[in-house]
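Residues per chain, in single letters:
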Amino acid sequence: MTVDSSAASEPRRSAAGKAGTTGSKAGTKRTTRTTSRTTTSTASRTTTRSSAKKSTDPELVQLLTPEGKRVKNAEYDAYVAGITPEELRGLYRDMVLTRRFDAEATALQRQGELGLWASLLGQEAAQIGSGRATREDDYVFPTYREHGVAWCRGVDPTNLLGMFRGVNHGGWDPNSNNFHLYTIVIGSQTLHATGYAMGVAKDGADSGVIAYFGDGASSQGDVAESFTFAAVYNAPVVFFCQNNQWAISEPTEKQTRVPLYQRAQGFGFPGVRVDGNDVLACLAVTKWALERARSGEGPTLVEAYTYRMGAHTTSDDPTRYRGDDERQAWEAKDPILRLRRYLEASNHADEGFFAELEAESEALGRRVREAVRAMPDPDKFAIFENVYADGHALVDEERAQFAAYQASFADVEGV
């Protein structure tokens, strides 16, 4: 089943054409259309609320059911029509190895090797599907959780961990993979992506830009501003929102009264909600959106409806604000199990493939563990450096106090 913004089905138009349609100067006609829109909007809200009472399942683009059965979709099938069994196994491998790396990073944080970790558990399909939809010349702006997208862009997993250990500010060259450094400030990367996309358009380059953010970030002013600029300047950018249902402890229903993808309508570009646990659907929809961007049709908002199976970060305790029944319901929609069922039912993978992948997965875990333990310890006093160009008496005092505090542990250890 598919639900898109009405703008998605419009014929291709230039930015000027869109602006002309939106900003018509026929006063009388404008009043008529406004009244019509208001009436329709009211009726739509009533219908939406009524439908919500009948079913808790959202309408979305889905190509693969939780049971691993292929679903036909006239609009998006073409974007995965040529996918081969080898490529399907590749998508499965991507998700398995990403999950294994993520689990190892979580364990390393619990062992004191990392200061913090933001797990992607449950969001593998959204990240791998969208990441594999990008071309080499596309540019990606992530948050701090896009480990699967980083994998797709060729960033070594061990390079993601230095920042979380506190020994570097990123660990990779963004220009080597067209994959920007992780962004901690919530929502700011959508502005960076929009500005970059506007530059791409001015340069006349045939490439697209994709910005990742979460449902919580959708409430930030930065995201709304980026939507405005992207729409007005027809920027070749895809806004990929991973709606994992929880902005730390705040559920989505406390952030919005309409599905997130529908917000795109107010800015004048298409919005699509896709099953974020369906790697094929995420691949197809993101391919479509990036092709729109590259061909000069402007921005698209993709809402990947998924679930954060773990904590927001390792400093969070999700049991304080959500129940086990909710997690169990989403475990039945697991993205990796879903694709495995399809591979097995289609005879596209045998036990030998799964066994080899398990061994590769364990080897990756060992490599990540060894790499992190080989990293230097973070400099405890680096926080005091470069605060002021010429130094400051207060910073010097704080450094001395901190040094005394650290020295007190040595006294205890010597007892």
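Right above here is the structure, for reference.
Because the structure is a prediction, the values reported are computed rather than measured. (Residues numbered from 1 in each chain as written. Predicted model: local features only at pLDDT ≥ 70, side-chain atom pairs only at ≥ 80, totals over all residues. Heavy atoms only, no water.)

Overall, parallel pairing links the five strands, which are arranged β1-β2-β3-β7-β6 in an open sheet. The sheet terminates laterally at β1 (139–141) and β6 (271–275), the two strands that pair on one side only. Sheet twist, expressed as the average angle between the axes of neighbouring strands with direction ignored, equals 20°. Lying on the sheet, helix α4 (residues 124–131) is in contact with β2 (209–214), β3 (237–243) and β7 (300–305); it crosses β3 at an angle near 165°. Against the sheet, helix α8 (residues 188–203) contacts β1, β2 and β3, and its axis sits at roughly 170° relative to β2. (Pairing = 2+ DSSP bridges. Helix = DSSP H or I, 4+ residues; strand = E, 2+ residues; numbered from the N terminus. Axes fitted to C-alpha atoms, helices over the stretch in contact; angles between N-to-C directions. Contact = heavy atoms within 4.5 Å.)

With respect to the helices and strands, the residue Arg273 is situated in strand β6. Here the side chain of Arg273 touches Glu303 through a polar contact of 3.2 Å, side chain to side chain. (Polar contact = N/O pair within 3.5 Å; in protein donor to acceptor, adjacent residues only side chain to side chain.)

In terms of nonpolar packing, the biggest core is built from 64 residues, with Tyr92, Leu161 and Leu339 touching the most fellow members. No other element matches helix α11 (residues 279–294), which puts 10 residues into this core. Those residues within four positions of Tyr92 in sequence are excluded, and the remaining contacts are Ile336, Leu339, Arg340, Leu343, Phe353, Phe354 and Leu357. Val209, Phe213, Ala230 and Phe269 belong to the second largest nonpolar core, which has 21 residues in total. (Core = buried A, V, L, I, M, F, W, Y, C linked by side-chain atoms within 4.5 Å. Buried < 20%, exposed > 50% of the residue type's maximum accessible area, 1.4 Å probe, protein only.)

With that out of the way, let us pick up the packing of aromatic side chains. Applying the stated criterion across every chain yields a total of 28 aromatic pairs. Aromatic pair Tyr76 and Tyr79: ring centres 6.5 Å apart, planes at 40°, arrangement tilted. Overall, the relative accessible area of 0% leaves Tyr76 in the buried class. Among the residues examined, Tyr79 registers a relative accessible area of 21% and is labelled partly exposed. Residues Phe213 and Phe227 carry aromatic rings whose centres are separated by 6.4 Å and whose planes lie at 65° to one another, so their mutual orientation is edge-to-face. In this pair, Phe213 sits in strand β2 while Phe227 sits in helix α9 (residues 221–232), placing the two residues 14 residues apart along the sequence. Comparing Phe213 with Phe227 shows no difference in burial state: the two are buried. Feature note: the residues Phe101, Trp117, Phe164, Trp172, Phe179 and Tyr182 constitute an aromatic cluster, connected by ring pairs. Here the guanidinium or amino end of Lys333 rests over the ring plane of Trp330, the centre of that ring lying 4.2 Å away. (Phe/Tyr/Trp six-rings, centres within 6.5 Å; stacked < 30°, edge-to-face > 60°. Lys NZ or Arg CZ within 6 Å of the ring centre and 35° of its normal.)

Turning to the environment of Arg99, a few remarks are in order. Of note, Arg99 is situated in helix α3 (residues 85–110). Distance in space between the C-alpha atoms of Arg99 and Ile336 is 9.3 Å, their sequence separation being 237 residues. The residues touching Arg99, leaving out its near neighbours within four places in the chain, are Leu121, Gly122, Glu124, Asp334, Pro335 and Ile336.

Relative to each other, α3 and helix α14 (residues 351–374) sit at 35°, their axes nearing to 9 Å. Handedness of the α3/α14 crossing: right-handed. Together, Arg89, Tyr92, Arg93, Val96, Leu97, Arg100, Phe101, Glu104 and Leu108 of α3 and Phe353, Phe354, Leu357, Glu360, Ser361, Glu362, Leu364, Gly365, Val368, Arg369, Val372 and Arg373 of α14 make up the contact between the two elements. Here the contact of α3 with α14 is composed, by residue class, of 11 nonpolar, two polar and eight charged. (Left-handed = near helix turned anticlockwise from the far one by under 90°. Nonpolar A, V, L, I, M, F, W, Y, C, P; charged D, E, K, R; others polar.)

Positive phi, normally seen in glycine, also occurs at Asn178, with a value near 50°. Here Asn178 lies in the loop between α7 (174–177) and α8. Note on Asn178: relative accessible area 17%, which makes it buried. Here the phi dihedral of Asn347 falls at roughly 60°; this positive angle occurs in a residue that is not glycine. One can find Asn347 in the loop between α13 (335–345) and α14. Take Asn347: its relative accessible area is 70%, and that puts it in the exposed class.

With eight of its eight residues buried, α4 lies for the most part within the structure. When we look at burial in α4, the residues that qualify are Glu124, Ala125, Ala126, Gln127, Ile128, Gly129, Ser130 and Gly131.

One can describe the packing of α3 onto α13 by two numbers: an axis separation of 10 Å at closest approach and a directional angle of 150°. With respect to α13, the element α3 is oriented roughly antiparallel. Between α3 and α13 the crossing geometry is left-handed. Between α3 and α13, the contacting residues are Leu88, Arg89, Leu91, Tyr92, Met95, Val96 and Arg99 on the first element and Pro335, Ile336, Leu339, Arg340, Tyr342 and Leu343 on the second. (Parallel < 35°, antiparallel > 145°, perpendicular 65-115°, else oblique.)

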